[in-house]
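Coordinate analysis (summary)
Below are the chains, spelled out letter by letter.
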Amino acid sequence: MTLRGEMFMEQPSAETLKVILAGHWKLGGELPKADKVQQRLESRPGVRHLVFDTRGLADWDTGLLTFLVNVGTFCSQQNIQLNRDGLPPGAKRLLELAAAVPEKKDARKAEERVSFLIYLGNETVNFFRSAGQLLEFIGEAVIAVRRLVQGQAQYRRADLGLIIQAVSAQALPIVSLICFLVGLILAFIGAIQLQLFGAQIYVADLVGIAMVRLMAAIMTGIVMAGRTGGAFAAQLGTMQVNQEIDALKTLGISPIEFLVLPRMLALALMMPLLCLYANVMGILGGMVVGVGMLDIGFIQYYNQTAAAVGLWNLGIGLFSGTVFGVIVALAGCMRGMQCGRSASAVGDAATSAVVTAIVGIIVSTAVITILCNFLGI
Amino acid sequence: MTETAAHITVRDLTMAYGDFVLMRDLTFTINRGDIFIIMGGSGCGKSTLMTILMGLKAPAKGKVFYGEVDFWGADPQTRNRIIRRSGVMYQSGALWSSMTLAENIALPLETYTNLSPAQIREVVKLKLALVGMAGFEEFYPAEISGGMQKRAGIARAMALDPEILFFDEPSAGLDPVSARRLDDLILELRESLGTTMVVVTHELASIFAIGNNSVFLDVSQRTMTATGNPNQLLAETRDPNLRLFLTRGEQS
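Residues numbered from 1 in each chain as written. Chains lettered and ligands numbered in written order. Predicted model: local features only at pLDDT ≥ 70, side-chain atom pairs only at ≥ 80, totals over all residues. Heavy atoms only, no water.

Once that is clear, we can look at unusual backbone geometry. Its identity is not glycine, yet Asp295 of chain A carries a phi of approximately 55 degrees, on the positive side. With respect to the helices and strands, the residue Asp295 of chain A is situated in the loop between helix H9 (255–293) and helix H10 (298–308). Judged by its relative accessible area of 67%, Asp295 of chain A falls in the exposed class. In this structure, Asp25 of chain B takes a positive phi of about 55 degrees despite not being glycine. (Helix = DSSP H or I, 4+ residues; strand = E, 2+ residues; numbered from the N terminus. Buried < 20%, exposed > 50% of the residue type's maximum accessible area, 1.4 Å probe, protein only.)

Here we come to the pattern of salt bridges. All names here are of chain A. Inspection of every chain in the model, using the stated rule, returns 12 salt bridges over all chains. Between Asp85 and Lys92 there is a salt bridge whose closest N-O contact spans 3.5 Å. Look at Lys92 and you get partly exposed, because its relative accessible area is 26%. The partner of Arg341 in a salt bridge is Asp246, with the nearest N and O atoms 3.0 Å apart. Taken as a pair, Arg341 in the loop between helix H11 (311–337) and helix H12 (343–375) and Asp246 in helix H8 (residues 244–250) lie far apart in primary sequence, 95 residues in all. A relative accessible area of 7% means that Asp246 is categorised as buried. The structure contains a network of salt bridges with shared partners spanning Arg4, Glu6 and Glu30. (Salt bridge = Lys/Arg side-chain N within 4 Å of Asp/Glu carboxyl O.)

Let us look at the domain arrangement of chain A. Looking at chain A, the domain boundaries give domain 1 (5–103) and domain 2 (136–375). Its C-alpha centre places domain 1 of chain A at a distance of 68 Å from the equivalent point of domain 2 of chain A. (Domains from an automatic or database assignment.)

Taken together, the contacts link 16 residues of chain A with 23 residues of chain B. Regarding the contact of chain A and chain B, the summed buried area is about 1600 Å², with carbon and sulfur atoms giving 58% of it. Among the residues chain A hides against chain B, the three largest losses belong to Arg156, Thr250 and Leu251 of chain A. Together they make up 38% of the total. A salt bridge links Glu103 of chain B to Arg156 of chain A, with the nearest nitrogen and oxygen atoms 3.8 Å apart. At the surface where chain A touches chain B, the tally comes to seven residue pairs in polar contact (both at pLDDT 80 or more). Residue contributions to the side of chain A that touches chain B peak at six residues, all from H8 of chain A. When the residues that make up the side of chain A that touches chain B are grouped by side-chain class, the tally is six nonpolar, five polar and five charged. (Contact = heavy atoms within 4.5 Å. Buried area = accessible area lost by both parts, 1.4 Å probe. Polar contact = N/O pair within 3.5 Å; in protein donor to acceptor, adjacent residues only side chain to side chain. Nonpolar A, V, L, I, M, F, W, Y, C, P; charged D, E, K, R; others polar.)

Glancing now at the packing of helix H3 (residues 101–112) of chain B against helix H4 (residues 117–130) of chain B. All names here are of chain B. Close contact between H3 and H4 brings their axes to 9 Å; oriented N to C, the two are set at 125 degrees. Relative to H4, the element H3 is oriented oblique. Relative to H4, the crossing made by H3 is right-handed. When H3 is examined against H4, the residues Ala102, Ile105, Ala106, Leu109 and Glu110 are found in contact with a partner set consisting of Ile120, Val123, Val124, Lys127 and Leu128. Classifying every residue of the contact of H3 with H4 by side-chain character gives eight nonpolar, no polar and two charged. (Axes fitted to C-alpha atoms, helices over the stretch in contact; angles between N-to-C directions. Parallel < 35°, antiparallel > 145°, perpendicular 65-115°, else oblique. Left-handed = near helix turned anticlockwise from the far one by under 90°.)

As structure tokens, this is what we get:
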């Protein structure tokens, strides 16, 4: 059974409206709307006083108060005098308390509806501003690297060691799995086409070149963007929330050198090694298909791969890996440093770091591929 | 060092976030050896004023002088040099969470001095002992209580024997006894080291116990309405807002 609040209205005189409240006026129950009083008042423009009779009221809570506040707002708009004497003493005091501090008009967030053109303009300005921030950040990172070369950079060797461990050894399992499977998939897809011509042996060339030159670096880069770039952004973002980055700044320690530099260095050093390892895993994946399914001999597969994959391919792959490492580190650290001061801002920073890193990886792959094409390597 | 030499002078300072002016026309002087209280209601810009004084945020208008040097008019190197002679205790401690307390306090020492690791260990031990936390060297910030984090934050702020210490709401979130002990610690450090202390707080007990100079930021008028010793202000002020603030809302 739902508890019901009752409301009746009567008019003892032409100038006075009496609102009789009875029953259970509690939130969640069936309560009359304040609109009814408003309609009544609008239909009788002569009413100047509003009084209450609450003798029949069994119990009440915020449900009654919101009703009274709504009635009160309308009354003050219409210059109708509201007499609170008939209300329960507790409700009366609470209403007075709520009205004690006047509403701060300029405290409300301005919710302006902006036109499409203004929105477009703001977004464009923001885009160029964030591009500027990106360049600024890269510039600061370059200066930090210069200071590192000069031996002046302030960072802790111990931190560098820990980060190197986190981005290399601990990443091996996931890199193994992904790259082994990618090699396997490439071999499968290639095998179906090549079998048509009886050229199964070229699966070794296909997997070898694709992995070594491109796929190992890209897959490792994307894995690292997800597991390391996001982690960097979350770490630095949390430090921003805790004012730890402010604490560094007020000590005159550059957060770029102290936090960003070791992370960038760790990834730039470890990514080529990870790529090398990913190459091996990818070729192994291809070999499983080649030897197991296509009846290519183990030695034959090895020799075919070794003949196909040139030093240039390896060089380009490792170079790409290094570039991706720097991109992942920069994206993660930049989003972390730009992080706002709330928990959701840390989440946004981590998301945005991963997205930025992956976009950066794909764009730089395109650039490297086109450049290699021009150079004929 | 004379008692009344100006250490930090603020002139016609305006603080703003974009178009929103937080406070304008702030002019006051912090003398050497003062325990200077920045007080005012919530949201009046106390913490913002402090971030301007410690060089994290540029003022919209006006000047801050450290001694004779125009702080925000100076080049970044000069600013860095000035700020390095000050220490900050942040509201939450802001200890570097990936390092132990000892490493937190050692970092400024490693960065700016040529002390040997053994000497640094001794200094760290001493600073922790000064704030009553001897033996906590190997703890991580997450492993100790909020009050202890603040104390450790003070130890780190004092690592380089700064001339100025900034405190952001030192007693916020502490039980009365811990808050009192922190006040005593601040007084004691001022007495023995002669450090200038700038304290942002709205804790009345602290204000009267430790402050010998202050500025009151009135949020309704968006400017400062009084400066001077808080006890004297309480005795003499006619400004109803300041009176309300200093008497905890009791009008007399």
